[in-house]
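Each chain, written out:
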Amino acid sequence: MAMTITLNVWRQAGPSAPGRFESYTSDKVHPDMSFLEMLDVVNDDLIRAGKDPIAFDSDCREGICGSCGLVIDGIPHGPDPGATTCQVHMRRFRNGDTITIEPWRAKAFPVIKDLVVDRTAFDRIIAAGGYVSMNVGGAPDGNSVPVPKELADLAMDNAQCIGCGACVAACKNAAAHLFTSAKITHLGVLPQGEPERYRRAAAMVEQMDAEGFGSCSNEGECEAVCPKQISIASIARMNRDFMRAATSK
Amino acid sequence: MTLDSRIPGGPITEKWDRRKFENKLVNPANRRKYDIIVVGTGLAGSSAAASLGEMGYNVKLFGIHESPRRAHSIAAQGGINAAKNYRNDGDSIYRLFYDTVKGGDYRAREANVYRLAQLSVQIIDQCVAQGVPFAREYGGLLDNRSFGGAQVSRTFYARGQTGQQLLLGAYQSMMRQVHAGTVQLFPRREMLDLVVVDGQARGIICRNLVTGELESHSASTVLLCTGGYGTVFYLSTNAINSNVTAAWRAHKRGAYFANPCFTQIHPTCIPVSGDHQSKLTLMSESLRNDGRVWVPKNPGDKRHPSQIPDSERDYYLERRYPSFGNLVPRDVASRAAKSVCDEGRGVGDSGLSVYLDFADAIKRFGAPTIKGRYGNLFDMYMRITDEDPYQVPMRIYPAVHYTMGGLWVDYNLQSTIPGLFVLGEANFSDHGANRLGASALMQGLCDGYFVAPYTVANYLGGASLPAVSTSHDSFKEAVAAAQARIDKVLAVRGSKSIREYHRAVGALCWDHVGMARNEQGLKGAIQSIRSLRDEFWQNVSVPGEKNNLNPALDYAGRVADYLEFAEVLALDALERHESCGGHFREEYQTPDGEALRRDDEYSYVAAWEFTGVGQMPTLHKEALTFDEVHPSQRSYK
C-alpha cells in the first residue's frame with residue numbers, strides 16, 4: 001500500500017537568509033494520509049536523523065483556521081478545488097511522483113522560515129476598519145433589525161474567508177483584493193455595518209496598499225484557488241465603495 | 001487552604017445582580033493605569049480583550065498563533081445556545097439553566113450555570129450588532145434549530161461555521177481596540193510560566209516562538225483563556241497546537257486543577273485510519289437524526305455491509321434504548337460503540353468503528369433530501385475516507401472532543417491564585433461532568449464579554465497592587481527556570497521522536513482514562529505514565545536550536561507537560577468512585593450497564609493542589625449543593 005514520494009521543498013533558514021530547494025524521498029507514504037501528515041512523517045524521519053525538520057504552519061487540520069498554506073506544484077493549496085492544504089490527501093498523487101512545495105510568495109508576506117510566512121499584514125488591514133464600531137453592552141435585541149435572508153447569505157458567503165492568503169499567493173501582482181473585499185462585503189451589506197460602509201472601505205484599501213500588496217488586474221486567479229470559493233464579485237463591490245468614499249471626501 | 005466559591009447570597013435569580021452591585025469599580029480615568037495580560041485569543045480571550053480594551057484598560061494579548069483569528073474556537077461547527085424563546089416554544093432562562101445542570105450530570109455549580117443562562121441572551125444581541133451573519137429566515141429574523149437533545153429550539157448558528165463567525169466577531173472588535181491603542185498584540189508567543197509576587201499573579205514569562213527569546217511581562221492581573229487539554233489523548237478533534245502548557249504551569253505555581261477526569265468523548269467522528277493520523281474530524285451529531293447505527297451480530301464478520309442481511313445486523317442503540325434509539329446523549333452513544341467493538345463486532349480494517357447507515361433514510365426521503373440535509377458533511381466524509389456514504393454506510397467512532405475539567409475558579413472566575421482569572425474551556429466551572437451541545441461557545445463569550453470585565457475590575461479596585469517591574473527576583477527566577485527546562489530538553493539528544501511519546505501517552509490515556517475506566521487500569525496507567533515521563537527525559541530527540549523558529553522545541557515542551565498532567569488526569573479518575581457524565585467507572589454501573597452516580601459521597605468538585613512532579617497532589621473538595629435542580633438518575637431506555 002505504501003507509496004514512494006519525492007519532495008522538492010523550499011528551505012530557508014530565516015527572513016534574510018538565501019533559500020534553496022532540497023529533495024527528500026519517503027517510502028512510508030500512505031494514500032489515506034493527508035498532505036500535512038505526509039510532511040509529519042518526513043519530518044519525524046529528519047528528526048530521528050538529527051536533521052532540521054521542515055517548518056510549516058498548521059493547526060485545525062480541517063480547513064477552517066487558515067494556518068496552513070503551501071504552494072503544491074505551483075498551485076496554492078494544491079490540486080483540489082475548494083480545499084485547504086490540510087484537506088488534500090495523498091491518494092491524489094501516484095506512487096513515484098515528485099512534488100514541489102513552496103511557501104506563499106509575496107512582498108507583504110515575508111518568509112519567516114522554510115514554508116512559514118508572516119501574514120500579520122492581514123491583521124493590520126482588519127485593524128484599519130474591518131469591524132462594526134460598537135462597544136459591549138449597548139447592543140439592541142438581536143431581532144430588532146430584520147436582515148433579509150438574501151443579504152445575510154451574501155454576508156455569510158464572504159464572511160467565510162479564513163484569511164489563509166492563498167488569494168495573494170496565486171496573484172501575479174500579490175494583490176490582497178479578494179481578502180479585503182470579502183470583509184468589506186460581509187460588513188457592508190448588513191444593516192449593522194452600513195453606517196461605516198464607505199469609511200471602512202477607504203481605510204482598509206489604504207492599509208492594503210500601505211502593506212505592499214499589489215494591484216488587481218482582474219484575472220481571477222484568487223477566486224480559482226480560494227478554499228472557500230469566495231467570488232470576485234466582492235472586488236467589484238469594494239471598488240464601488242472605495243470610489244464613492246474617495247469622491248465624497 | 002479552604003476553597004471559597006464566593007457565591008453571592010440571595011435567590012439564584014438575583015445573585016449576579018447582587019454581585020455586580022457589590023463589586024468595586026475603577027474610575028474610567030484610572031483604568032489606563034492598569035496593565036492586564038490576557039493569554040489566549042479564542043472566544044474567551046478575544047472577547048475579554050475587546051471588552052476590557054473598550055473600558056479603557058491597557059491590555060496585552062498573547063497567543064501562540066501568527067494571528068488571533070487562528071485559535072481553535074474557529075473550528076466549532078454547530079451553534080450557540082441562548083434562552084431567547086424566539087420560537088415561542090416554552091424556553092426560558094430557567095429552562096436553559098435546568099437543562100445545563102441536568103446535562104452536566106449534577107456536577108456543576110448552580111449559581112454559575114444560572115448566570116450563564118441569564119447572560120446567554122445578551123451574547124446574541126452583542127454578536128448580531130457586531131455583524132455576525134447568523135442564519136436568518138425569509139422574514140429577516142434570526143433562525144434557530146434544536147440541538148443536543150434539547151426539547152426547545154434555542155441554538156443560533158451560522159451555517160456549519162458558527163465558531164468561526166463568533167470568533168471573527170470577537171477578533172474584529174478586539175482589532176478595533178488594537179487600532180485604538182488599548183490592546184497590544186503579542187502573536188507567536190507561548191506562555192511558559194506565571195509570575196507570582198507576594199501571592200498575587202503579576203505577570204508571565206513567554207517564549208517568542210520566532211526569535212526564541214524569553215520575554216517577561218508584568219501586569220496588575222493575568223487572564224488565562226488557553227482552552228482545554230484534549231490533545232493529551234494525542235488523537236482528538238482539537239487543533240494540533242492546542243495544549244495544556246499555560247494552565248499546567250499556572251497549576252505548578254499554585255492554581256488548583258479541578259475535575260480533570262471530566263472529558264467529553266463525542267460519538268460521531270471519522271474513525272482512525274492508520275498510525276500516521278494526526279487528528280480526528282468531527283461529524284456533526286445531527287447525522288444521528290436520520291442515520292441508523294449498527295454492527296454485525298457476529299464477532300469477526302468481515303463481509304461487506306451490503307452482504308449482511310438485516311437479520312444479521314445489530315442496531316444496538318435501538319435495541320438497548322428503545323425510546324431514544326439513535327438519539328441517546330453523547331456519553332451513552334460513545335460507551336455503547338466502545339462496548340460492541342470490545343466484543344469484536346467493530347467494522348473497518350481496524351475493527352474500531354461502527355456503521356452509521358443512511359440507506360433507510362435515502363429509501364424513505366430520496367437521496368436529494370438527504371443531500372440537502374447533510375450534503376456538506378457527506379462531502380467532508382468522502383474527502384477524508386474516499387468512501388461514498390450515499391452508497392455504503394458511514395463508519396464512525398467516538399473521539400475526544402472537549403474537556404469540562406480545568407483550573408478551579410470561584411464565582412468571579414478567579415483561581416486559587418489572587419489576580420489569576422481563568423476563562424472559557426480552560427476553567428472547570430459550568431458544564432459539570434458532561435457538556436451539552438452548543439454550550440461551549442456560549443460559555444467562552446459569556447466569560448469574556450460579560451463576566452470578567454466586572455469581576456476583574458472588582459479585583460483591581462480592591463486589591464493592593466504595588467508596582468512590580470520585570471527586574472523583580474520572581475521574574476528572574478521564572479526566566480531561569482523556563483530557560484533551564486528548554487536547555488534540558490534540547491540536551492537529551494535521544495533517539496525517539498517527540499511524536500512517539502505524545503502518541504504513547506495518548507494511547508495510555510485513551511485505553512485507561514477514556515470511555516471506560518477501572519481501578520486496575522488507572523493504577524497501571526499512572527505507573528506507565530511515570531516511566532514514560534522518565535524515558536522521555538532520557539531518550540527524546542529534539543532537533544534544532546532555541547534561538548529561532550523551532551516548532552519541534554515548542555512541541556517537546558507541550559508533550560513534557562502532558563507527561564506530568566496525564567498523571568493527575570488518571571489520579572482524578574481513580575479517586576472518583578462513581579460514574580457520572582463523561583466519567584464512567586466500570587465498577588459503578590447499574591445492573592443493565594448504565595452510569596451509577598453516587599451523590600452521597602461524590603457531589604463535590606475535586607480540586608488538586610500541586611506538590612511536585614511525581615508527588616501525590618493534595619485533594620481539596622468544594623461541596624456542591626443543589627437548591628434548584630434536584631439530582632435524579634438519567635434514563636434513556
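Residues numbered from 1 in each chain as written. Chains lettered and ligands numbered in written order. Predicted model: local features only at pLDDT ≥ 70, side-chain atom pairs only at ≥ 80, totals over all residues. Heavy atoms only, no water.

**As for the pairing of strand 1 (residues 35-39) of chain B**
All names here are of chain B. Judged by how many residues are buried, strand 1 sits mostly within the fold: four of five residues are covered. Note that strand 1 and strand 2 (residues 58-62) share five bridges and pair parallel. When the bridges of strand 2 are listed, Val 38 appears paired with Leu 61. The parallel pair strand 1 and strand 2, bridged by helix 3 (residues 43-55), forms a crossover whose chirality is right-handed. Relative to strand 9 (residues 221-224), strand 1 runs parallel, the two sharing four bridges. Note on strand 9: the bridge partner recorded for Val 38 is Leu 223. (Buried < 20%, exposed > 50% of the residue type's maximum accessible area, 1.4 Å probe, protein only. Helix = DSSP H or I, 4+ residues; strand = E, 2+ residues; numbered from the N terminus. Pairing = 2+ DSSP bridges. Right-handed = clockwise from strand over helix to strand, strands pointing away.)

**A word on the interface of chain A and chain B**
Contacts between the two partners involve 75 residues from chain A and, on the opposite side, 71 residues from chain B. Both faces considered, chain A and chain B share a buried interface measuring about 6,100 Å² in area, 51% of it formed by carbon and sulfur atoms. Ranking the residues of chain A by area buried against chain B places A:Asp59, A:Val136 and A:Met156 at the top, with a combined share of 11%. Across the contact surface, chain A and chain B share nine salt bridges. (Contact = heavy atoms within 4.5 Å. Buried area = accessible area lost by both parts, 1.4 Å probe. Salt bridge = Lys/Arg side-chain N within 4 Å of Asp/Glu carboxyl O.)

**A short note on the pattern of salt bridges**
All told, the structure shown has 71 salt bridges over all chains when counted by the stated rule. The salt bridge partner of B:Arg159 is A:Asp157, with a shortest N-O separation of 2.9 Å. Of this pair, B:Arg159 sits in the loop between strand 4 (155-156) and helix 6 (162-180) while A:Asp157 sits in helix 3 (residues 149-159), each in a different chain. Here B:Arg159 falls in the partly exposed class, since its relative accessible area comes to 30%. Between B:Arg253 and B:Asp193 there is a salt bridge; the shortest N-O distance is 2.7 Å. You can see B:Arg253 sitting in the loop between helix 7 (245-252) and strand 10 (257-258) and its partner B:Asp193 sitting in strand 6 (residues 189-197), a full 60 residues away along the chain. Taking relative accessible area as the criterion, B:Arg253 reaches 28% and is therefore assigned partly exposed. Among the charged side chains, a salt-bridge network with shared partners connects B:Asp105, B:Arg107, B:Arg576, B:Glu578, B:Arg597 and B:Asp599.

**Quick notes on the domain arrangement of chain B**
All names here are of chain B. The domains assigned to chain B are domain 1 (268-400) and domain 2 (492-597). Each of domain 1 and domain 2 was reduced to a C-alpha centroid, and the two centroids are 28 Å apart. Of the residues lining the interface, 11 residues belong to domain 1; the matching set on domain 2 comes to 10 residues. The interface formed by domain 1 and domain 2 includes one salt bridge. (Domains from an automatic or database assignment.)

**Some details on the sheet that holds strand 12 (residues 292-296) of chain B**
Residue and element names in this part refer to chain B. Within the open sheet, the five strands sit side by side as 11-15-14-12-13. Their pairing is antiparallel. Each of the sheet's edge strands pairs with one partner strand only, and the pair in question is strand 11 (263-269) and strand 13 (313-314). Relative to strand 15 (residues 394-403), strand 11 is paired through five bridges, and the arrangement is antiparallel. If you follow His 266 over to strand 15, its bridge partner there is Ala 399.

**What to know about the packing of helix 7 of chain B against helix 16 (residues 551-575) of chain B**
Axes are the key here: two packed helices are described by the angle between their axes and the distance separating the axes. All names here are of chain B. Packing of helix 7 against helix 16 leaves a shortest axis separation of 10 Å and a crossing angle of 60°. As the angle between them shows, helix 7 and helix 16 are arranged oblique. Relative to helix 16, the crossing made by helix 7 is left-handed. Within the contact between the two elements, helix 7 uses Thr 245, Trp 248, Arg 249 and Lys 252 and helix 16 uses Gly 557, Arg 558, Asp 561, Glu 564, Phe 565 and Val 568. (Axes fitted to C-alpha atoms, helices over the stretch in contact; angles between N-to-C directions. Parallel < 35°, antiparallel > 145°, perpendicular 65-115°, else oblique. Left-handed = near helix turned anticlockwise from the far one by under 90°.)

**Looking at the domain arrangement of chain A**
Residues and elements named next belong to chain A. In terms of domains, chain A is made up of domain 1 (3-102) and domain 2 (120-247). A straight line from the C-alpha centre of domain 1 to that of domain 2 covers 30 Å. If you look at the interface, domain 1 gives 12 residues, while domain 2 gives 11 residues. Where domain 1 abuts domain 2, roughly 760 Å² becomes buried across the two surfaces, and 63% of that area is made up of carbon and sulfur atoms. Remark: the boundary between domain 1 and domain 2 carries zero salt bridges. Joining domain 1 to domain 2, the criterion identifies one residue pair in polar contact (both at pLDDT 80 or more). Among the residues making up the side of domain 1 that touches domain 2, the classes are represented as seven nonpolar, five polar and no charged. (Polar contact = N/O pair within 3.5 Å; in protein donor to acceptor, adjacent residues only side chain to side chain. Nonpolar A, V, L, I, M, F, W, Y, C, P; charged D, E, K, R; others polar.)

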